[in-house]
Amino acid sequence: MNRIHSLYAYFRRKYKCRIQKLPLDANATCPNRDGTVATYGCTFCNAKGSGTGLAKIMPSLREQAHHWQQHYNRADMKNIAYLQSFSNTHCSPERLQQILKECNEIPNLLGIAIGTRADCLDDEKIAILADIDLPEVWLEIGVQSIHTRTLERINRGHLFDIVPDIVRKASEQGIFICLHLMAGLPGESAEDFLSTLHTVLSLPIHALKIHNTFVNSGTVLEQEYKRGDYTPLTQEEYIELMCRAIPSIPSHIILQRIIADPEKTLVAPTWAGDKNKLTRLLPDTFEERGIWQGCDADVPNKLPLWFSSIEELPHALHEDYMQEIEELHSIHPWLVS
Ligand code: SF4
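Residues numbered from 1 in each chain as written. Predicted model: local features only at pLDDT ≥ 70, side-chain atom pairs only at ≥ 80, totals over all residues.

A.B. asks: Please provide a residue-by-residue account of the overall build of the chain, values included.
C.D. replies: Summing up its helical and strand segments, the chain has 11 helices and 9 strands in all. In summary, the chain has a C-alpha radius of gyration of 20 Å against a globular reference of 20 Å for 337 residues, a match within 12%. For the C-alpha atoms alone, the extent of the chain along its principal axes is close to 60 × 45 × 35 Å. Put simply, of all contacts in the chain between residues at least 6 apart along the chain, 81% involve residues at least 24 apart. (Helix = DSSP H or I, 4+ residues; strand = E, 2+ residues; numbered from the N terminus. Rg over C-alpha atoms; globule rule 2.2 N^0.38 Å. Contact = placed C-beta atoms within 7 Å.)

A.B. asks: Quick one: what's the story with the sheet that holds strand β6 (residues 207-212), residue by residue and with numbers?
C.D. replies: Taken in spatial order, the 7 strands of this open sheet run β1-β2-β3-β4-β5-β6-β8, and their pairing is parallel. Both edges of this open sheet fall to β1 (19-24) and β8 (254-257), since each of them pairs with a single strand only. Ignoring strand direction, the axes of neighbouring strands in this sheet form an average angle of 25 degrees. The sheet contact formed by β6 and β8 spans 3 bridges and is parallel. Looking at β8, one finds that Leu208 is bridged to Leu255. Strands β4 (136-144) and β5 (176-183) of the sheet are contacted by helix α7 (residues 190-200), whose axis makes an angle of about 170 degrees with β5. (Pairing = 2+ DSSP bridges. Axes fitted to C-alpha atoms, helices over the stretch in contact; angles between N-to-C directions.)

A.B. asks: Residue-level account of the environment of Tyr238, with values.
C.D. replies: Along the chain, Tyr238 turns up in helix α9 (residues 235-245). In this structure the C-alpha to C-alpha distance between Tyr238 and Gly184, which are 54 residues apart in sequence, comes to 8.0 Å. The contacts of Tyr238, once residues within four sequence positions are left out, are Ala183, Gly184, Asn212 and Leu233.

A.B. asks: So what about the environment of Tyr15? Which residues, and what values?
C.D. replies: In this structure, Tyr15 sits in helix α1 (residues 7-15). Residue contacts for Tyr15: discarding those within four places in its chain leaves Lys78, Leu110 and Ser337.

A.B. asks: Explain the packing of α9 against helix α10 (residues 275-289) to me, and be specific about the residues and the numbers.
C.D. replies: Remark: α9 packs on α10, axes separated minimally by 10 Å, with the N-to-C direction vectors making an angle of 50 degrees. Between α9 and α10, the angle is such that the two are oblique. Along this stretch, α9 crosses α10, giving a crossing that reads as right-handed. Across the interface between the two elements, Gln235, Ile239, Met242 and Cys243 of α9 pack against Leu278, Leu281, Leu282, Thr285 and Arg289 of α10. In terms of residue class, the contact of α9 with α10 is made up of 6 nonpolar, 2 polar and 1 charged. (Parallel < 35°, antiparallel > 145°, perpendicular 65-115°, else oblique. Left-handed = near helix turned anticlockwise from the far one by under 90°. Nonpolar A, V, L, I, M, F, W, Y, C, P; charged D, E, K, R; others polar.)

A.B. asks: Describe the packing of α7 against α9, and please don't skip the residues or the numbers.
C.D. replies: Two elements in contact, α7 and α9, have axes whose closest approach is 11 Å; the angle formed by their N-to-C orientations is 35 degrees. Where α7 crosses over α9, the two elements pack in a sense that is right-handed. On α9, the residues touching Ala190, Phe193, Leu194 and Leu197 of α7 are Leu241, Arg244 and Ala245. Residues that form the contact of α7 with α9 fall into these classes: 6 nonpolar, no polar and 1 charged.

A.B. asks: I'd like a description of the nonpolar core, backed by residues and values.
C.D. replies: Core analysis: the largest hydrophobic core is formed by 86 residues, its most contacted members being Ala81 and Leu179. With 6 residues, β5 is the single largest residue contributor to this core. Excluding residues within four positions of it along the chain, Ala81 makes contact with Leu22, Leu24, Ala65, Cys103, Ile106, Leu109 and Ile112. (Core = buried A, V, L, I, M, F, W, Y, C linked by C-beta atoms within 7 Å. Buried ≥ 20, exposed ≤ 12 C-beta atoms within 10 Å, placed from the backbone.)

A.B. asks: How would you sum up unusual backbone geometry? Please name residues and give values.
C.D. replies: With the exception of glycine, the majority of residues adopt a negative phi angle, and the majority of peptide bonds are in the trans configuration. The step from Ala268 to Pro269 runs through a cis peptide bond, and the omega angle for that step is -5 degrees. Structurally, Pro269 is set in the loop between β9 (266-268) and α10. Despite not being glycine, Asn108 has its phi angle at roughly 55 degrees, a positive value. As for its position among the elements, Asn108 is in the loop between α3 (93-104) and β3 (109-116). Of the residues examined, Asn108 has 15 C-beta atoms within 10 Å and is grouped as partly exposed. Positioned with a positive phi, Asn155 is a non-glycine residue whose angle comes to about 55 degrees. If you trace the backbone, Asn155 turns up in the loop between α5 (148-153) and α6 (163-172).

A.B. asks: Quick rundown of the environment of Trp68? Include the residues and the values.
C.D. replies: Summarising the element assignment, Trp68 is placed in helix α2 (residues 61-72). Along the chain, Trp68 and Pro23 lie 45 residues apart, while their C-alpha atoms are 8.0 Å from each other.

Set out below in structure tokens:
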């Protein structure tokens, strides 16, 4: 049985079909790279801004979506258009509307997820996003840390103080919020990460993406690493940290990611390149220690069956599962269809 509330379980429970996030590149830029607030970006960020770079060879979003649909090749699949590269609301309201219109033309579209930064959102853009007539409208906001000294050291270009207001406004408008956090940032201790986690959990959010900080080639962080000014977390340290973090995360929060997916440009730590190993190690460690998401928060007595999809559970548990779903629906209707 799954010990965290994954995006897969959420989609499966709510829509009962395969949902795929299609990583799209709207040729956006970032205020931290184009000179609006800085030019060299966050110290860990490579020149691709975590994106696919697909816009250079395939400018049309519909064409990009078609490319991914062919790649996944599932006729029954519904799609989330995931505007992943750079900061996708760092543009005029008119441009944002145009991007959303293009996304809307993608076949079998269930929703849109927009990667951005808090300093690229305002009331007008939130209103535009709230107007999207799709069941899944997500804002994925890079936060990384709440600590000013860290945000300055990684050249984030804005501080945490602008995040809560934006999150509250977007959430009030019915937009789902996923915040991105990084563990093992330069100069941070385990306690620093945990205080970031607990601070963002006090906001009206729906999901988190968490991963360890890794060093990519061509970044400022690579220079720090080579000078000996930055030491990434070891795999053991990251697992220990997750064993402290996961129990305190309430069960309704969807953990869209707790394992990084580094690119070929990974310099360190080398263990982060073996995603499959961590995908086995983390749940095994949770099981050995008898911990699950929310066991120190809202679900102390029992691992929720609905962390798994009904298909993953033995038949003998299906009735209990359905009962738990009814209870879940009464508390968090948005998590159930
Ligand atoms: S905000 Fe994102 S895209 Fe911009 S520099 Fe930082 S990590 Fe890169």
